[in-house]
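Here are the chains, one letter per residue:
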Amino acid sequence: MCGTCGCGDGETKIEAASVNAAGAHRHGDAHSHDHTHDHDGHHRHDHTHSHAHEHTHEDGVTHSHPHEHHHTHDHEHGAGHEHPHEHGEGDHHDHEHGHAHSHGGGDHHHDHEHSHDHGHSHEHDHKARVVKIEQDVLSKNDAFARENRARFTRDGILSLNLVSSPGSGKTTLLVASIERLKADVPVAVIEGDQQTTNDAERIRATGAPAIQINTGKGCHLDAHMTGHAADHLALEKGAVLFIENVGNLVCPAMFDLGEEARVVLCSVTEGEDKPLKYPDMFRTSHLMLITKVDLLPHLDFDADLLAANARAINPRIKILRVSAKTGEGMDAWTGWLRAQRTLALTGLEASGG
């Protein structure tokens, strides 16, 4: 689970790579272990142990009593991934015993349930712990982002993080952009969605390589996922890498993926006040694309007001108006892409590549 926003209590899968970021696995012995690996390196282990005890009563009847013990252990893993389990004096154990007795015919049945909770809950420092968890999550993400950025820079790759609300037209824009670039610019795409591979399939139909990340219940991509996906894409040096984030204007603003630039899309079917409602996203973006402008004649929408609101939040943000359907503004958009790629190629030249 993401310690920052609470999302991600499901599996994250990178298409075709058979990567299960939740890391759940089972052992073949009498004990079952479920290990959940969060993206920040935190591991939670649930252990269930079942065993039976026999008791002989004065009447000579022997009874078997099943016992189930459930243990939950939280671990922080660094390099080497050690799994120490230590129960010291500070451990807290809660035991619950339920006994059901039926004396008819001399039958006695006992069920014992033992619940062990190794942890401490202190309401008074809850807020402090939440802040620390958020700081730890973002710190670890930033470390992965720095690795991604160094790699992209070394290989002259222009990496762009495309963010927006759902339905703003990110994938449609990418398809149209790839068609204009693919003749002379290598392009690859990382697609982020909670479910389905629909968008990756649309990208691959253009001939460009694409890999899908399904975040399950997660509401954003992070740098760790992005790095793994890039590994499986086998990116060409000097390529343009589009990272289409999960449709969400909140959490993706907090997670650096190692991109060179963040591009926020806002369609004319949304409100002009989006930058005011979601300032963090617009404040951290380098470029805003006002999409679906071909619909403006049919809508009561003030594109100038949207631009003014965006600049009120981020005076340095660049703004372009585009329509993937009619082609309006697409030359300006692809021109911006080519100029940014030229800058990215300087890293490749500096490394002698």
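Data block above holds the structure.
An account of the accompanying structure is given in this report. (Residues numbered from 1 in each chain as written. Predicted model: local features only at pLDDT ≥ 70, side-chain atom pairs only at ≥ 80, totals over all residues. Heavy atoms only, no water.)

**Comments concerning the pairing of strand 11 (residues 240-244)**
Inclusion rule: Throughout this description, buried means an accessible area under 20% of the type-specific maximum (1.4 Å probe, protein chains only), exposed means over 50%, and partly exposed covers the range between. Secondary structure elements follow DSSP: runs of H or I of four or more residues count as helices, runs of E of two or more count as strands, with numbering from the N terminus. A strand pair is defined by DSSP finding two or more bridges across the two strands.
Counting buried positions along strand 11 yields five of five residues, so the element is predominantly enclosed. Both faces of strand 11 are covered, namely the face carrying Val240, Phe242 and Glu244 and the face carrying Leu241 and Ile243. Relative to strand 11, strand 9 (residues 187-193) is paired through five bridges, and the arrangement is parallel. When the bridges of strand 11 are listed, Glu191 appears paired with Glu244.

**With respect to unusual backbone geometry**
With a phi close to 75°, Thr196 is a non-glycine residue in the positive phi region. Tracing the backbone through its elements, the reader meets Thr196 in the loop between strand 9 and helix 3 (198-204). Its identity is not glycine, yet Lys292 carries a phi of approximately 65°, on the positive side. Accessibility expressed as a relative area gives 26% for Lys292, which makes it partly exposed.

**What to know about helix 2 (residues 170-181)**
Basically, it comes down to this: Any helix carries an expected span of 1.5 Å times its number of residues minus one.
Under the 1.5 Å per step criterion, the end-to-end length of helix 2 is 16 Å for twelve residues, consistent within 8% with the ideal 16 Å. Turning to helix 2, its buried residues are Lys170, Thr171, Leu173, Leu174, Ala176, Ser177, Ile178 and Leu181.

**Observations regarding the pattern of salt bridges**
Charged atoms that come close allow side chains of opposite charge to pair. Short version of the rule: For this document, the term salt bridge refers to a Lys or Arg side-chain nitrogen within 4 Å of an Asp or Glu carboxyl oxygen.
In this structure the tally under the stated criterion is ten salt bridges. Its salt-bridge partner being Asp184, residue Arg338 comes within 2.7 Å of it at the nearest N-O pair. Of the two residues, Arg338 sits in helix 8 (residues 330-350) while Asp184 sits in the loop between helix 2 and strand 9, which places them 154 residues apart along the sequence. The class of Arg338 is partly exposed, set by a relative accessible area of 32%. With a shortest N-O distance of 3.4 Å, Arg262 and Glu259 are connected by a salt bridge. Glu259 carries the same exposure label as Arg262, and that label is buried.

**Side note on the nonpolar core**
Test applied: Here, nonpolar core refers to any group of buried Ala, Val, Leu, Ile, Met, Phe, Trp, Tyr and Cys residues whose side-chain atoms link them within 4.5 Å. When checking whether two residues touch, look at their non-hydrogen atoms; a contact exists if any pair is within 4.5 Å.
Ranked by size, the top nonpolar core spans 29 residues in total, and within it Leu160, Phe242, Val263, Leu289, Trp333 and Trp336 carry the most contacts. Listing elements by their share of this core, those giving two or more residues are strand 8 (158-164), helix 2, strand 9, helix 3, strand 11, strand 12 (261-267), strand 13 (287-291) and helix 8. In this view, Leu289 contacts Leu173, Val263, Val264, Leu265, Cys266, Leu320, Val322 and Trp333; residues no more than four positions away in its chain are not counted. Ranked by size, the runner-up nonpolar core spans 19 residues in total, among them Phe301, Ile313, Ile317 and Ile319.

**With respect to the pairing of strand 9**
Condition: Viewed with both strands pointing away, a crossover whose connecting path from the first strand over the helix to the second turns clockwise is right-handed.
Judged by how many residues are buried, strand 9 sits mostly within the fold: seven of seven residues are covered. The two faces of strand 9 match: Val187, Val189, Glu191 and Asp193 on one face and Ala188, Ile190 and Gly192 on the other face are all buried. As judged from the five bridges shared by strand 9 and strand 10 (residues 210-214), these two strands associate in the parallel manner. Residue pairing in the sheet places Val189 in a bridge with Ala210 of strand 10. Note on the crossover from strand 9 through helix 3 to strand 10: the handedness is right-handed.

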